[in-house]
Amino acid sequence: MSTRTGRPARAPHSAAPSPAPRTAARTVLRLTTVAACVPYLSLKIAWIAGSHLGIPEGSALRRDGNSLMALNALTVLMDAAVIVLAFLLTRPWGRRVPAWLLALPMWCATGLIAPILAVFPVQSLAAALRDGATRGGPGTGPDELLAPWVWSIVYTGFIVQGLALGALFVLYAGERWGPLWRGRLDVLTHGATRPARRLTGAAVAVLSLLTGAVHLLWAAGGTTGLNPARTAAMDLDARLNDAGYVLFALLAAAGALTLAYGRGRRIPLLLPLAATWLGSAAPACWGGWLTLTTLTATAADPKLPTPLMSLTYAVQMIVGTMVAVAGAHFFAEREAARCD
């Protein structure tokens, strides 16, 4: 069929779909992410300014002084980075950002928020069943760190941030790097880095399971290797936190072993990649954070990590570093193969 000018008529179904719905979804997700950051940022800024809003009279946070002030300033910057990421993932200039400059902070954000997403709803449900009212964070008492409403508001905000920012990252990464993880697992049967991938996968699995075993001991109620502060705070919430780390350790081990030795033709490549990303990020980032927050602890401080705690956090960070380096090489190899 042709028009009067002799040019072929364009079929009605060949018109490119309008990007408006996807753009609108990204805008909503960006606004949701920014709005979810407001409660946490407002509280932190208030505390930096000297307010004790939500901090009970007997809380140790009123006595931590300059070290707490520095940590509050750092966490303000971290949450502000979430807002920057939300714009980066939705604006045209975000496509020109180097891959590592986006992937690294997203991996860190995933690691810090994922345990809250996994554990906080379970803690709230357990509290509701036990006390007849939803509650988050450590138990109430004269020496509690924060008022219960602070934990609820802040952690709910983190959950909304994680879901909205995660959705934005999935949309962004699918468009920019989708071909690198499409296909089945059997596409990895060859490659120059296969021996190194197998060695790294085995090391990641072994180290992850070792740290997972330690957290399993603590999740079961054991106090071996815990400092006095952690021993005194060993309630159901703390045990659920450790159980969450066991879950992430299993994810990291399963994902790494599948990528290194798996041959399944029916397994999408994305599944073990996502498991390794998530399972390595959470223990590594929280291990780093818990180490950072205790750097100023003195020998007499009950919060000073024991050798076993420090070793566990260090191994978690080592696993994260191994996965990050191996992942960079893996995707570089995939990109090179795609361009050939």
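In the block above lies the structure referred to throughout.
Everything quoted here is computed from the prediction, not taken from an experiment.

**Details of the environment of W177**
Item 1. Looking at the element boundaries, W177 is found in helix α4 (residues 148-177).
Item 2. Along the chain, W177 and E335 lie 158 residues apart, while their C-alpha atoms are 9.1 Å from each other.
Item 3. In this structure W177 touches A99, L102, F169 and Y172, once residues within four positions along its chain are discounted.

**Some points on a nonpolar patch on the surface**
Item 1. A cluster of nonpolar side chains, L74, M78, L292 and L295, forms an exposed patch at the surface whose accessible area comes to about 330 Å².
Item 2. Here M78 shows up in helix α2 (residues 66-88).
Item 3. On the basis of relative accessible area, M78 is assigned to the partly exposed category, the value being 30%.

**Overview of the nonpolar core**
Item 1. Grouped together as the largest cluster of nonpolar side chains are 26 residues, with contacts concentrated most on L89, L102, M106, L165, F169, W177 and L269.
Item 2. Apart from the residues within four sequence positions on either side, M106 is in contact with L85, L89, L165, F169 and W277.
Item 3. With 24 residues, the next largest nonpolar core counts Y40, L112, F120 and A284 among its residues.

**Examining the packing of helix α3 (residues 99-131) against helix α8 (residues 270-292)**
When two helices pack together, their arrangement is given by the angle between their axes and by how far apart the axes lie.
Item 1. Running from N to C, α3 and α8 cross one another at 80°; their axes reach a closest spacing of 7 Å. One way to sum up the angle between α3 and α8 is to call them roughly perpendicular. Every residue of α8 that contacts α3 at A103, M106, W107, C108, T110, G111, L112, A114, P115 and I116 is listed here: W277, L278, S280, A281, A282, A284, C285 and W286.
Item 2. Looking at the contact of α3 with α8 residue by residue, the classes come out as 15 nonpolar, 3 polar and no charged.

**Here we look at the pattern of salt bridges**
Item 1. Under the counting rule described, the total for this entry stands at 3 salt bridges.
Item 2. With a shortest N-O distance of 2.2 Å, E175 and R95 are connected by a salt bridge. Placement of the pair is E175 in helix α4 and R95 in the loop between α2 and α3, with a sequence separation of 80 residues.
Item 3. Judged by its relative accessible area of 34%, E175 falls in the partly exposed class.
Item 4. Each of R26, R95 and E175 takes part in one network of salt bridges that share partners.

**Observations regarding the packing of aromatic side chains**
Item 1. Taken as a whole and judged by the stated rule, the model has 7 aromatic pairs.
Item 2. Considering the side-chain rings of Y40 and F158, the 4.8 Å spacing of their centres and the 55° angle between planes classify their relative orientation as tilted. Of this pair, Y40 sits in helix α1 (residues 20-48) while F158 sits in helix α4; the two residues are 118 residues apart in sequence, bridging distant segments of the chain.
Item 3. Classification of Y40 by relative accessible area gives buried; the value is 12%.
Item 4. We classify F158 as buried; its relative accessible area is 13%.
Item 5. Taken together, a centroid distance of 5.7 Å and an interplanar angle of 70° make the contact between Y172 and W177 edge-to-face.
Item 6. The class of W177 is buried, set by a relative accessible area of 16%.
Item 7. Among the aromatic residues, those joined into a cluster by ring pairs are Y40, F120, W151, Y155 and F158.
Item 8. Its guanidinium or amino end placed over the ring of Y172, R95 lies 5.5 Å from that ring's centre, counting from NZ or CZ.
Item 9. Here the basic side chain of R230 rests over the ring of W218, its NZ or CZ set 5.5 Å away from the ring centre.

**Section: the packing of helix α5 (residues 194-219) against helix α9 (residues 307-339)**
Item 1. For the pair α5 and α9, interaxial distance at closest approach is 10 Å and the crossing angle is 150°. In terms of their interaxial angle, α5 and α9 are classed as roughly antiparallel. As α5 runs across α9, the sense of the crossing is left-handed. Note on element contacts: α9 touches α5 through L308, M309, T312, V315, Q316, I318, V319, M322, V323, A326, F330 and E333, opposite R197, T200, A203, V204, L207, S208, T211, V214, H215 and W218.
Item 2. A breakdown of the residues in the contact of α5 with α9 according to their chemical character gives 14 nonpolar, 6 polar and 2 charged.

What counts, and at which threshold
Residues numbered from 1 in each chain as written. Predicted model: local features only at pLDDT ≥ 70, side-chain atom pairs only at ≥ 80, totals over all residues. Heavy atoms only, no water. Helix = DSSP H or I, 4+ residues; strand = E, 2+ residues; numbered from the N terminus. Contact = heavy atoms within 4.5 Å. Patch = residues over 30% accessible without salt bridge, like charges linked within 9 Å, V, L, I, M, F, W, Y side chains within 5 Å. Areas by Shrake-Rupley, 256 points an atom, 1.4 Å probe, with all protein chains shown as cover. Salt bridge = Lys/Arg side-chain N within 4 Å of Asp/Glu carboxyl O. Buried < 20%, exposed > 50% of the residue type's maximum accessible area, 1.4 Å probe, protein only. Core = buried A, V, L, I, M, F, W, Y, C linked by side-chain atoms within 4.5 Å. Axes fitted to C-alpha atoms, helices over the stretch in contact; angles between N-to-C directions. Parallel < 35°, antiparallel > 145°, perpendicular 65-115°, else oblique. Nonpolar A, V, L, I, M, F, W, Y, C, P; charged D, E, K, R; others polar. Phe/Tyr/Trp six-rings, centres within 6.5 Å; stacked < 30°, edge-to-face > 60°. Lys NZ or Arg CZ within 6 Å of the ring centre and 35° of its normal. Left-handed = near helix turned anticlockwise from the far one by under 90°.

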